[in-house]
Amino acid sequence: MVKSISDNAQGQFSAEDYTVFTIMLGISTAIGVYFGFFQKKKNQTTEEYLLGGRKMKTFPIAISLIASQLSGVSIMSVPAEMYSYGAQYWIIAPTMIIITLIINYIFVPVFYNNQITNCYQYLEDRFSPAVKKFVTFTYVLNIYLILPIFIFIPALAFSQVSGVNIHLINGIVCGVCIFYTMLGGIKAVVWTDVVQGLIMFVSCFLVVFIGVAKIGGLSEVYERASAADRLEIFDMTLDATTRQTFWTASVGNIFLWTGYLGLSQSCVQRIVAVPSMRHARTALWIFCAGFIVIMTLNCFTGIVIFAKYFDCDPIKVGLVQKADKLLPFFVQDVVGNLKGMPGVFISCVFSAGLSTMSANLNSLAGLIYEDYIRPFKLFKHTDASANSTMKLIILISGVYCIAMGLIVEQFGHILQMVVTIASVTQGAVMGIFCLGMLWPWANKHGALWGTASSVIGMSWIIAGAQMAISNKELTYPPRPTSVDGCYDYGYNVTANDFPTLIAPQDEAGFSIYNISFVWYSTIGTLIVFLVGIPVSYFTGSQDMHNFRAKLICPLVQWMLPDEVRQNEFSLKAENQKLTADPIKEWTFTANETEKYKERVIEQTL
């Protein structure tokens, strides 16, 4: 009898699996209903809706950050990356320690010392309204380009294991996410993230544990992966065109993830929702630990998948269309006989996607309302009108994500696509905030020209790279996989049926278009400094005598003149309780020193 490559037939999602999946969606919906109706009085103000009254607990915020940053893209595409290209990507896990240090001691103090809740408001306070508007626009554009991918990936997994139409399930689940995000605001987002984060951890752990047991233990996994060169982590190659090396996975990801975690409004909004800077730093360290654990599990899952199919690649024999679909195939294979386990896994992937989508929808609604609707004074601003408008924005944005699934379906390697899209603006955002917080002499002209140059330059580089990819001039061939054992599974194929792909060599030498996509954010950040500093110098550097020291990171305030540091108006100690009503607007809009002082004096009286 010919054995099967998979112990369980595909597309056999059981009633137990549907039950588990439905329970997950039901819990998310119930949380939205609770905060939308039973806690309605507490969500009536804009600050409550977007910031939870700045009284959110540290641990839920940390779990929310973990759940939203480890999207469905991470759950699905990171194992695919490990299967295809080896373990090099894992370096991102310990690198998160450095990223957390940077955020905690450069960005967080500035946000708290200036009472910043909309992180882009900092750019107006530090430079000018024009800089803020430009960077805000790039952020909104970037999120609208990337958000449909985050929620489409879970639908891809569900379709792989159940056979349900991918666009149908995408619409249903997006609808649930829109519902609870609209109703419950940031509190619903955070508490659904907590539930979804726990589902993610349990699911990832069980899949890895059962997979290793079925393969024959950790030693067998190690031997198979090592023999196929899948465990190389410290590839110290200095070639910038290599897809993944130690340097791209560490240095490149420091720039990418620092900007994504520390300077994205969806993250900053939760970081400043806790009572004090100390709570924010604690939440970020908890996030760091959780990220390392979950990312390590995700990476190891890819190695386990390779060990399972080391002698018969499911992609080459046509059982899986592309690497991003390997994980649901593997889950259905190794745990499909355990009723409900595929449902737990699908709940995990959807939990990751829902967490990312809900966090971004909530932050987008607040940002678009404050920056693009409220200034036009189309109607009288009240908390009720603001909340209603933001709910409408969430609804429209959610419908857009559903519709864009038709386009996302055509994408190739999802992880590479996500990083590429994000990098168009991520480097510029990272650069402009670092320029403002670390270089006191930078002025509004340098900031604007530096940011614009970065966005234009990266758009040019990425467009050229995408054209090279479409013309087959730029490829990232995966590491070899074997089909030597496929005959035992009933597939009459040989290695000769699948010629080895070789990356085309550029006869003219180095080309900027061939640089690894992981370096895009780093290059974008450097462009801001290379343009912003000289332009600031030639247009007249920032006047140090008319400057607020609190707009600069405390670590570099020693560069300021003594009189500026000595005359800085100090905020009340963060551990002193307020006795007056909190600031009514969710954004802090002090543009001049006197207005700034009056606002804080009023708050402390």
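Being a predicted model, the structure only gives us computed values, none of them experimental.

1. Observations regarding the overall build of the chain
Argument step 1. When helices and strands are tallied, the chain shows 20 helices and 0 strands.
Argument step 2. Among the 605 residues that make up the chain, the fraction classed as buried is 59%.
Argument step 3. Residue pairs at least 24 apart in sequence account for 86% of intrachain contacts in the chain once pairs closer than 6 positions are excluded.
Argument step 4. Of the roughly 24,300 Å² of accessible surface on the chain, a fraction of 64% belongs to carbon and sulfur atoms.

2. What to know about the packing of aromatic side chains
Each aromatic ring pair is characterised by the separation of its centres together with the angle its planes make.
Argument step 1. Within this structure, the stated rule accounts for 15 aromatic pairs.
Argument step 2. Between Trp439 and Trp441, the ring centres sit 5.0 Å apart and the planes meet at 65 degrees, which makes this aromatic pair edge-to-face.
Argument step 3. For Trp439, a relative accessible area of 31% gives the class partly exposed.
Argument step 4. Note on Trp441: relative accessible area 30%, which makes it partly exposed.
Argument step 5. Note on Tyr537 and Phe538: the rings are 5.3 Å apart at their centroids and 75 degrees apart in plane angle, and the pair reads as edge-to-face.

3. Concerning the packing of helix α10 (residues 246–262) against helix α18 (residues 520–538)
Argument step 1. Put simply, α10 and α18 touch, their axes get as near as 7 Å, and they point 65 degrees apart. With respect to each other, α10 and α18 are oriented roughly perpendicular. Pair α10 / α18 crosses with left-handed handedness. Contacts between α10 and α18 pair Val251, Gly252, Phe255 and Leu256 from the former with Ser521, Thr522 and Thr525 from the latter.
Argument step 2. Here the contact of α10 with α18 is composed, by residue class, of 3 nonpolar, 4 polar and no charged.

4. What about the environment of Val483?
Argument step 1. You can see Val483 is positioned in the loop between α17 (444–470) and α18.
Argument step 2. On the basis of relative accessible area, Val483 is assigned to the buried category, the value being 3%.
Argument step 3. A sequence separation of 166 residues divides Val483 from Val317, and the C-alpha atoms of the two residues are 8.3 Å apart.

5. Side note on the packing of α17 against α18
The axes of two packed helices give the description: the angle between them and the distance between them.
Argument step 1. One can describe the packing of α17 onto α18 by two numbers: an axis separation of 7 Å at closest approach and a directional angle of 145 degrees. Along this stretch, α17 crosses α18, giving a crossing that reads as right-handed. Counting all contacts with α17, which are made through His445, Gly446, Trp449, Gly450, Thr451, Ser453, Ser454, Met458, Ile461, Ile462 and Ala465, the residues of α18 involved are Tyr520, Ile523, Gly524, Ile527, Val528, Val531, Gly532, Val535 and Ser536.
Argument step 2. Looking at the contact of α17 with α18 residue by residue, the class counts come to 11 nonpolar, 9 polar and no charged.

6. Some details on the pattern of salt bridges
Argument step 1. Counted by the stated rule, this structure contains 7 salt bridges.
Argument step 2. One salt bridge connects Lys132 with Glu124, and the closest N-O pair in it is separated by 3.8 Å. The pair formed by Lys132 and Glu124 is uniform in burial state, with each residue classed as buried.
Argument step 3. In this structure, Glu220 engages Arg224 in a salt bridge whose closest nitrogen and oxygen atoms are separated by 2.9 Å. Pair noted here: Glu220 and Arg224 are both in helix α9 (residues 218–227), with a separation of 4 residues, about one helical turn.
Argument step 4. On the basis of relative accessibility, which here comes to 19%, the residue Arg224 falls in the buried class.

7. What about the environment of Val110?
Argument step 1. Within the fold, Val110 resides in helix α5 (residues 92–113).
Argument step 2. The class of Val110 is buried, set by a relative accessible area of 0%.
Argument step 3. The spacing of Val110 and Tyr122 is 12 residues in sequence and 8.8 Å in space, taken between C-alpha atoms.
Argument step 4. With sequence-adjacent residues up to four places away left out, Val110 is seen in contact with Tyr122, Met437, Lys550, Leu551, Ile552, Cys553 and Pro554.

8. Concerning the state of the cysteines
Argument step 1. The final tally for this structure, using the stated rule, is 0 disulfides.
Argument step 2. The thiol of Cys119 is unpaired, and the distance to the nearest cysteine sulfur, on Cys267, comes to 9.3 Å.

9. Some words on the side chain of Thr258
Argument step 1. Residue placement: Thr258 occurs in helix α10.
Argument step 2. Accessibility expressed as a relative area gives 0% for Thr258, which makes it buried.
Argument step 3. Here the side chain of Thr258 touches Ile254 through a polar contact of 2.5 Å, landing on its backbone oxygen.
Argument step 4. Setting aside its immediate chain neighbours within four residues, Thr258 contacts Ile99, Ile102, Ile103, Phe107, Asn253, Leu263 and Met430.

10. A short note on helix α3 (residues 58–69)
Argument step 1. In this model α3 runs 17 Å from its N-terminal to its C-terminal C-alpha over 12 residues, within 8% of the 16 Å that 1.5 Å per residue would give.
Argument step 2. Burial of α3 is extensive: 11 of the 12 residues sit out of reach of the surface.

11. Description of empty space enclosed by the protein
Argument step 1. In the structure shown here, the tally under the stated rule is 3 cavities of 30 Å³ or more.
Argument step 2. Of the voids in this model, the second largest cavity is the one considered here, and its volume is about 140 Å³.
Argument step 3. Looking at the second largest cavity, it is lined by 15 residues, and the ones nearest its centre are Tyr139, Asn142, Tyr260, Ser264 and Gln426.
Argument step 4. Sorting the residues of the lining of the second largest cavity by element identifies α7 (129–162), α10 and α16 (414–438) as the ones contributing at least two each.

12. So, the nonpolar core
Inside soluble globular proteins, nonpolar side chains tend to come together where they are buried.
Argument step 1. Membership of the largest hydrophobic core comes to 151 residues, with the highest contact counts inside it found for Phe111 and Phe433.
Argument step 2. No other element matches helix α8 (residues 166–215), which puts 19 residues into this core.
Argument step 3. Those residues within four positions of Phe111 in sequence are excluded, and the remaining contacts are Ile116, Cys119, Tyr122, Gly262, Leu263, Val268, Val272, Phe433 and Met437.

13. Regarding the confidence of the model for the chain
Argument step 1. When pLDDT is averaged along the chain, the result is 77, and 80% of the positions lie at 70 or above.
Argument step 2. Taken element by element, the chain is modelled with least confidence in helix α20 (residues 593–604), mean pLDDT 43, and with most confidence in α18, mean pLDDT 92.
Argument step 3. Contacts from residues 7–11, a stretch scored under 50 in pLDDT, to residues over four places away or in other chains number 14 contacts.
Argument step 4. Of the regions scoring below 50 in pLDDT, residues 569–605 engages in 68 contacts with residues more than four places distant in sequence or in other chains.

14. Overview of α10
Argument step 1. With 17 residues, α10 extends 23 Å between its outermost C-alpha atoms, agreeing within 8% with the 24 Å of an ideal straight helix rising 1.5 Å per residue.
Argument step 2. Taking the largest bend as the criterion, α10 deviates by roughly 40 degrees, centred on Asn253.
Argument step 3. Burial runs high along α10: 14 of the 17 residues are buried.

15. Some points on a nonpolar patch on the surface
Argument step 1. On the surface, a nonpolar cluster with roughly 450 Å² of combined accessible area is contributed by Ile97, Leu101, Tyr105, Trp285 and Leu555.
Argument step 2. Here Leu101 lies in helix α5.

Thresholds, definitions, all that
- Residues numbered from 1 in each chain as written.
- Predicted model: local features only at pLDDT ≥ 70, side-chain atom pairs only at ≥ 80, totals over all residues.
- Heavy atoms only, no water.
- Helix = DSSP H or I, 4+ residues; strand = E, 2+ residues; numbered from the N terminus.
- Buried < 20%, exposed > 50% of the residue type's maximum accessible area, 1.4 Å probe, protein only.
- Contact = heavy atoms within 4.5 Å.
- Areas by Shrake-Rupley, 256 points an atom, 1.4 Å probe, with all protein chains shown as cover.
- Phe/Tyr/Trp six-rings, centres within 6.5 Å; stacked < 30°, edge-to-face > 60°.
- Axes fitted to C-alpha atoms, helices over the stretch in contact; angles between N-to-C directions.
- Parallel < 35°, antiparallel > 145°, perpendicular 65-115°, else oblique.
- Left-handed = near helix turned anticlockwise from the far one by under 90°.
- Nonpolar A, V, L, I, M, F, W, Y, C, P; charged D, E, K, R; others polar.
- Salt bridge = Lys/Arg side-chain N within 4 Å of Asp/Glu carboxyl O.
- Disulfide = S-S within 2.5 Å.
- Polar contact = N/O pair within 3.5 Å; in protein donor to acceptor, adjacent residues only side chain to side chain.
- Expected span 1.5 Å × (residues − 1).
- 1 Å grid on protein atoms, 1.4 Å probe; cavity = no way out; pocket = protein on both sides within 12 Å on 5 of 7 lines; lining within 4 Å.
- Points joined across faces, edges and corners; volume = space filled by probe spheres on them.
- Core = buried A, V, L, I, M, F, W, Y, C linked by side-chain atoms within 4.5 Å.
- pLDDT = per-residue confidence, 0-100.
- Bend = angle between axes of the 7 residues up to and from the residue.
- Patch = residues over 30% accessible without salt bridge, like charges linked within 9 Å, V, L, I, M, F, W, Y side chains within 5 Å.

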